[in-house]
Amino acid sequence: SSDLSFTHLSLVCTMAEERDDDKVRRAIRHIDKAKLKARSELTLEKWRRYGFASELKNLDQINKANDTVARIHVDDCSRRAFVERYERPSIPVVIRGATEGWKAHRHWTPERLKSDYGSEVFKIGEDDEGFPVKVKLKYYLRYMLGAAGAADDSPLYIFDSSFGEHATKRGLLRDFEVPKYFADDLFNYAPNRRRPPHRWFVMGPARSGTGIHIDPLGTSAWNSLVRGRKRWCLFPPATPKEALKAPRGFDSEGVTWFAKVYPKTQEPTWPYRPVEFIQEEGETVFVPGGWHHVVLNVTPATAITQNFASPTNFHVVWPRTVRGRPKLSQRWLAVLKEKRPEIAEIATHATGDDLPWSSSSSSSSSSSSSSSSSEESEPAPAPRRKKMRKRREICMCDECTRKCAVCQRAKERGEAPPDH
């Protein structure tokens, strides 16, 4: 009987190993398919063409920062003081203590996320037609924490704005609260179905992140880091965007920027001094509208970020919304007249002429307006084909540096980004 028991145990272990191997192969298959869709210009081998995994492992420009950012604690700065010291003068700041008490610190571990949302799909990019590319979280976590994610130059990055719209993922909304400085978001008065993407659940391994960009429609943003470490570099609105681009022949990924552009910004003759720092767990970053910024995960990281329009920056956001989202602006204004008449009054006087970066970003503003135009048409009835059930998402970044192959190819040819 002991021989039979040993044989049975061996068979069970063998079957368990085979099942685990099947899971690994299935995860690799789904991740490889997502890679080819999200960046069709790359073969699977070219995801490691620069060798950044080894080249940048110990470089100071990734792991260290000349910390030049102001830091405050939420208990020591009132809402009014925050507006006067940082939001109104457009000064980036790191806020400590804003995430104390968040359930996310307990719930957003890889193990808990896999248990609660492992079978849910999250967006990791867009295909050449602008459709979202999504993978199940359980496959992504295996990639993020495994050898594949550790070897890719710029690994796949979850950047999901729709989690709050799905019943099976809405639980994430209960795990955090909007920090007090940003609670009065005037876009909350806009019709939900027309509000631009504004809130993202983000997660990725080391070297994943976002390329240099300016947030859309003149909005400001906050980013709260729940787990990991992030490397930030921000440039004032007056900085010419051409000066911040990667050299010709390189992509616009965040890791590429730090490898190829950042060293130039540290030269004594470089005229545009950045604000740079490492964001630690529990810290919240305030990014004023119009600031160029690039963000890179130093370690595997999970965060929540949101763009907003406040009474302080409404005079900036409103004219851009009118130009880029005319139908949204009409319905938004109607609600503001009823609910916030003092804000609606600002809309009648705001022209955008007093934008602090209006002269340096007129081209990006027009690009944003152009790319937003398709979103403003009345939505057609949902087609029956499953593939077309979800409408394409537009490029929301003023600089169009999100992972959109269509816009990237247009930019390489020297053409304006298409309406999509």
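1. Quick notes on the pattern of salt bridges
Under the criterion given, the structure shown has 20 salt bridges. Of the charged contacts, one joins Arg39 and Asp251 as a salt bridge, the two residues approaching to 3.1 Å between their closest N and O atoms. Of the two residues, Arg39 sits in the loop between helix H1 (2-38) and helix H2 (52-55) while Asp251 sits in the loop between strand S9 (230-235) and helix H9 (254-260), which places them 212 residues apart along the sequence. For the residue pair Arg39 and Asp251, the accessibility class agrees, reading buried in each case.

2. Brief notes about the confidence of the model for the protein chain
With 77% of its residues at a pLDDT of at least 70, the protein chain reaches an overall mean of 83. Contacts for the low-pLDDT stretch residues 6-18, under 50 throughout, to residues beyond four places or in other chains number 0 contacts. Contacts for the low-pLDDT stretch residues 353-403, under 50 throughout, to residues beyond four places or in other chains number 121 contacts.

3. With respect to the environment of Arg96
With respect to the element layout, Arg96 can be found in strand S2 (residues 93-96). Distance from Arg96 to Thr284, taken between C-alpha atoms, is 6.4 Å for residues 188 residues apart in sequence. Beyond its immediate chain neighbours, meaning those up to four positions away, Arg96 contacts Arg71, Ile72, His73, Val74 and Glu283. Separated by 3.0 Å, the side chains of Arg96 and Glu283 make a polar contact.

4. Examining the sheet that holds strand S12 (residues 292-297)
On the basis of which strands lie adjacent, the open sheet formed by 4 strands has the order S7-S12-S9-S10 and antiparallel pairing. The sheet is open, and its two borders are formed by strand S7 (209-213) and strand S10 (275-279), each paired with just one other strand. Here the strands of the sheet are splayed against their neighbours by 15° on average, with no regard to which way each runs. As defined by bridge partners, S7 adjoins S12 across 3 bridges and the pair is classed as antiparallel. Bridge pairing in S12 links Thr210 to Val295.

5. Focus: the sheet that holds strand S11 (residues 284-287)
Paired through backbone hydrogen bonds, the strands of a sheet run either parallel or antiparallel to each other. Pairing within the open sheet is mixed, and its 7 strands lie in the order S1-S2-S11-S8-S13-S6-S5. Of all strands in the sheet, those with a lone pairing partner are strand S1 (70-73) and strand S5 (158-160), marking the two edges. The average undirected angle you get between the axes of adjacent strands in this sheet is 20°. Both S2 and S11 contribute to a ladder of 3 bridges, which runs antiparallel. Each bridged residue has a counterpart across the sheet, and for Val94 the counterpart in S11 is Val285. Sheet strands touched by helix H7 (residues 137-144): S5 and strand S6 (199-204). Its angle to S6, the strand with the most contacts, is close to 45°.

6. Some words on the nonpolar core
Within the largest apolar cluster, 42 residues are counted, with the highest numbers of intra-cluster contacts made by Phe82 and Phe201. Of the residues forming this core, the biggest block, 5 residues, is contributed by H7. With near-sequence residues (within four places) excluded, Phe82 lies in contact with Ile72, Cys77, Glu87, Val93, Ile95, Tyr181, Phe182 and Phe286. Among the nonpolar cores identified, the runner-up in size contains 17 residues, and Ile62, Trp257, Phe258 and Val261 belong to it.

7. Some words on the packing of helix H6 (residues 110-117) against H7
One way to put it is that H6 packs onto H7 with a least axis distance of 9 Å and a crossing angle of 160°. By the criterion of interaxial angle, the relationship of H6 to H7 is roughly antiparallel. Note that H6 runs across H7; the crossing there is left-handed. Where H6 approaches H7, its residues Pro110, Leu113, Lys114 and Tyr117 are matched on the opposing element by Leu137, Lys138 and Leu141. Of the residues that constitute the contact of H6 with H7, the class distribution is 5 nonpolar, no polar and 2 charged.

8. Digging into the environment of Gly218
Its place among the elements puts Gly218 in the loop between S7 and strand S8 (220-227). Given the relative accessible area of 3%, Gly218 is considered buried. The spacing of Gly218 and Gly289 is 71 residues in sequence and 5.1 Å in space, taken between C-alpha atoms.

9. A few points about the pairing of S6
Among the 6 residues in S6, 5 count as buried, and that is most of the element. Examined bridge by bridge, S5 and S6 share 3 bridges and lie antiparallel to one another. Note on S6: the bridge partner recorded for Phe159 is Val202. Pairing analysis gives 6 bridges linking S6 to strand S13 (residues 301-308), with the strands arranged antiparallel. Among the inter-strand pairings, Trp200 is bridged to a residue of S13, identified as Thr305.

Calculation notes
- Residues numbered from 1 in each chain as written.
- Predicted model: local features only at pLDDT ≥ 70, side-chain atom pairs only at ≥ 80, totals over all residues.
- Heavy atoms only, no water.
- Salt bridge = Lys/Arg side-chain N within 4 Å of Asp/Glu carboxyl O.
- Helix = DSSP H or I, 4+ residues; strand = E, 2+ residues; numbered from the N terminus.
- Buried < 20%, exposed > 50% of the residue type's maximum accessible area, 1.4 Å probe, protein only.
- pLDDT = per-residue confidence, 0-100.
- Contact = heavy atoms within 4.5 Å.
- Polar contact = N/O pair within 3.5 Å; in protein donor to acceptor, adjacent residues only side chain to side chain.
- Pairing = 2+ DSSP bridges.
- Axes fitted to C-alpha atoms, helices over the stretch in contact; angles between N-to-C directions.
- Core = buried A, V, L, I, M, F, W, Y, C linked by side-chain atoms within 4.5 Å.
- Parallel < 35°, antiparallel > 145°, perpendicular 65-115°, else oblique.
- Left-handed = near helix turned anticlockwise from the far one by under 90°.
- Nonpolar A, V, L, I, M, F, W, Y, C, P; charged D, E, K, R; others polar.

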